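Residue-level listing of the chains:
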Amino acid sequence: MYRLLAINPGSTSTKIGVFENEDAIFIEKVNHSTEEINMFKRVSDQFEFRLKNILEILRNRNFDLKTLDAIVARGGLLKPLESGTYNINALMISHLKNGNYGHHASNLGGIIAKELSLKLNGLPCFIVDPVVVDEMEDCARVSGLLDIERRSIFHALNQKAVAKRYAKENNIPYDKLNLIVAHMGGGISVGVHRLGRVVDVNNALDGEGPFSPERSGGLPTGDLVRLCFSGKYQEDEIIKKLSGKGGMVSYLNTNDLISVMERVKLNDKKYKRIYEAFIYQIGKEIGKCAAALKGNVDAIILTGGIAYSNEVVEGIKDMVRFISKVVVYPGEDEMLALTQGALRVLNGEEKTKEYI
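Residue positions within a chain follow its written sequence, with the count starting from 1. With pLDDT at 70 or above as the cut-off, local features in this predicted model cover only qualifying residues; side-chain atom pairs require 80 or more to be listed or tallied, and sums for whole chains, interfaces and linings still use all residues. Hydrogens are left out, water is left out, and the side-chain values use all remaining heavy atoms of the structure.

Novice: It is not clear to me how unusual backbone geometry should be interpreted in this structure. Could you clarify?
Specialist: Negative phi is the rule for most residues except glycine; trans is the rule for most peptide bonds. With a phi angle near 60 degrees, asparagine 121 is a residue other than glycine that sits in the positive phi range. Helix and strand assignments come from DSSP, with helices taken as H or I runs of at least 4 residues and strands as E runs of at least 2, each series counted from the N terminus. Looking at the element boundaries, asparagine 121 is found in the loop between α4 (107-119) and β6 (125-128). The phi dihedral of leucine 195 is positive, around 50 degrees, even though this residue is not glycine. For every residue, the accessible area (1.4 Å probe, protein chains only) is compared with the maximum for its type, and the residue is labelled buried under 20%, exposed over 50%, or partly exposed between those bounds. For leucine 195, a relative accessible area of 48% gives the class partly exposed.

Structure below.
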């Protein structure tokens, strides 16, 4: 029996959970207002603020940190990595703090976990399947322009977790399956899981693939270039249009899919057009991934918060069921996925990896 603390910082929230093996003792989430977040110039400056919130939750729960066997955190923007569970070492902390590979709230996970580990005499601390997991084939990296290479940035933690869940439920090793996994949330990533490796996936952070509630997805390149040089926008404004103010927000001024669907049911033509395009683009992306597997697809998995919507799921199924069966695992149980990654190491099922 192992007792673990899981830490998952998001852009506007911090979620923690304490588990005994895979059973949650408690999971709690603290939401942070825009005003609170905007007090800090850089993501790394939020460290003390987030740590204080976590310690307060644990105090209110009368939880003794000394009863822990390990700490596991969401991985941040690091150099491209193989899938797996990594020890949080000094080099990783340096890259997360300095934002060598980008600034994101997830960077705080490893930093906070290491701080708590040091307070507990070097308790084991890990990250699992960060967003920069990179198992792409070389041919998938070629963009079509020498100056730009395609990168693997996606919802690796949840994609890997649901793929392994499907494998376990069907008594087939993950590395014997060909799967397409579509994670649908604030961003959308669709991964080609071939024999245990994600050999191709759209860059869900920078704007490849389908548009989402708040991200633009892939855009006509020439028109985007002309927009950039139109003189109307600064660089940071263009970036915000791609991620944050893109997708449904751009067209409908909301990222709330539920409210969009309510308008669709009232036969609002403007909302119906964007909603149907949303489903169309996801289905089309899944079809592209099927081609990457030469049509040899054991299952298509739909996951993420949007997979709770029966209407969206049925719309996508209508487009892709000719390829393979469609399995739905709604939500993104990242806390459990983090815990399972740490347990695989603690139980000797996998070896920890080092960030070098």
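Novice: For this particular structure, what's the right way to read the pairing of strand β4 (residues 70-74)?
Specialist: Every other side chain in a regular strand lies on the same face of the sheet, so the side chains alternate between the two faces. Taken across its five residues, β4 has five buried, putting it largely inside the fold. Two strands are said to pair when DSSP picks up at least two bridges between them. Taken together, the four bridges between β4 and β6 define a ladder with parallel strand orientation. Following the sheet pairing, isoleucine 71 is matched in β6 by cysteine 125.

Novice: Could you clarify how one ought to interpret the layout of surface pockets in this entry?
Specialist: Over the atoms, a rolled probe matching the size of one water molecule traces out where space is still vacant. Counted as a void, the second largest pocket has a volume near 660 Å³. Cavities and pockets are defined on a 1 Å grid built over the protein atoms alone: a cavity is a set of grid points where a 1.4 Å probe fits but cannot escape, while a pocket is an open set with protein on both sides within 12 Å along at least five of seven lines, and lining residues are those with an atom within 4 Å of any such point. In terms of lining, the second largest pocket is formed by 23 residues, of which the most central are Glu22, Ala161, Arg165, Gln340 and Arg344. Listing elements by their share of the lining of the second largest pocket, those giving two or more residues are α6 (156-169), β13 (326-330) and α13 (334-346). Sort the elements by how many residues they give to the lining of the second largest pocket and α6 lands first, with six residues. Grid points are joined across faces, edges and corners, and a volume is the space filled by probe spheres set on the points.

Novice: Would you take a moment to explain the packing of helix α2 (residues 47-60) against α4 for this structure?
Specialist: Describing two packed helices takes the angle between their axes plus the distance from one axis to the other. Axis lines are fitted through C-alpha atoms, for helices just across the contact stretch, and the angle between N-to-C directions can take any value from 0 to 180 degrees. In contact at an axis separation of 10 Å, α2 and α4 are set at 60 degrees when each is read in the N-to-C sense. What the angle tells us is that α2 and α4 run oblique. Remark: the crossing between α2 and α4 carries right-handed chirality. Contacts between α2 and α4 involve Phe47, Arg50, Leu51, Ile54 and Leu55 from the former and Leu108, Ile111, Ile112, Glu115 and Leu116 from the latter. Think of it as three bins: nonpolar holds Ala, Val, Leu, Ile, Met, Phe, Trp, Tyr, Cys and Pro, charged holds Asp, Glu, Lys and Arg, and polar takes everything else, Gly as well. Residues that form the contact of α2 with α4 fall into these classes: eight nonpolar, no polar and two charged. Should an angle fall under 35 degrees it is called roughly parallel, over 145 degrees roughly antiparallel, and 65 to 115 degrees roughly perpendicular, with every other angle called oblique. In this scheme the handedness of a crossing depends on how the near helix is turned from the far one: anticlockwise by less than a right angle means left-handed, clockwise means right-handed. Pairs of residues are marked as contacts when any of their non-hydrogen atoms sit within 4.5 Å.

Novice: What am I meant to see in empty space enclosed by the protein here?
Specialist: Under the counting rule described, the total for this entry stands at three cavities of 30 Å³ or more. There is about 50 Å³ of room inside the largest cavity. Around the largest cavity, the lining residues are Val128, Asp129, Leu157, Lys160, Ala161, Lys164, Ala337, Gln340 and Arg344. Sorting elements by how many residues they give to the lining of the largest cavity places α6 first, with four residues. Considered class by class, the residues forming the lining of the largest cavity number four nonpolar, one polar and four charged. Here the lining of the second largest cavity is composed, by residue class, of three nonpolar, four polar and two charged.

Novice: Please explain helix α11 (residues 269-292) as it appears in this structure.
Specialist: Helical geometry note: an α-helix holds 3.6 residues per turn, so side chains three or four residues apart project in the same direction. Taking 1.5 Å of rise per residue, the 24 residues of α11 would be expected to cover 34 Å, and the 35 Å separating its terminal C-alpha atoms lies within 8% of that figure. For α11, the elements touching its buried residues are β9 (178-184), β10 (188-194), α9 (248-252), α10 (257-265), β12 (299-304) and α12 (310-320). Structurally, the start of α11 carries an N-cap: the backbone nitrogen of lysine 270 is 3.1 Å from a side-chain oxygen of aspartate 268. Lysine 294 occupies a position one or two residues after α11 and carries a positive phi of about 55 degrees. One fewer than the residue count of a helix, multiplied by 1.5 Å, yields its expected span. Polar contact criterion, stated in full: a pair of N or O atoms within 3.5 Å, where within protein one must be able to donate a hydrogen and the other to accept it, and residues adjacent in sequence count only if both atoms are side-chain atoms.

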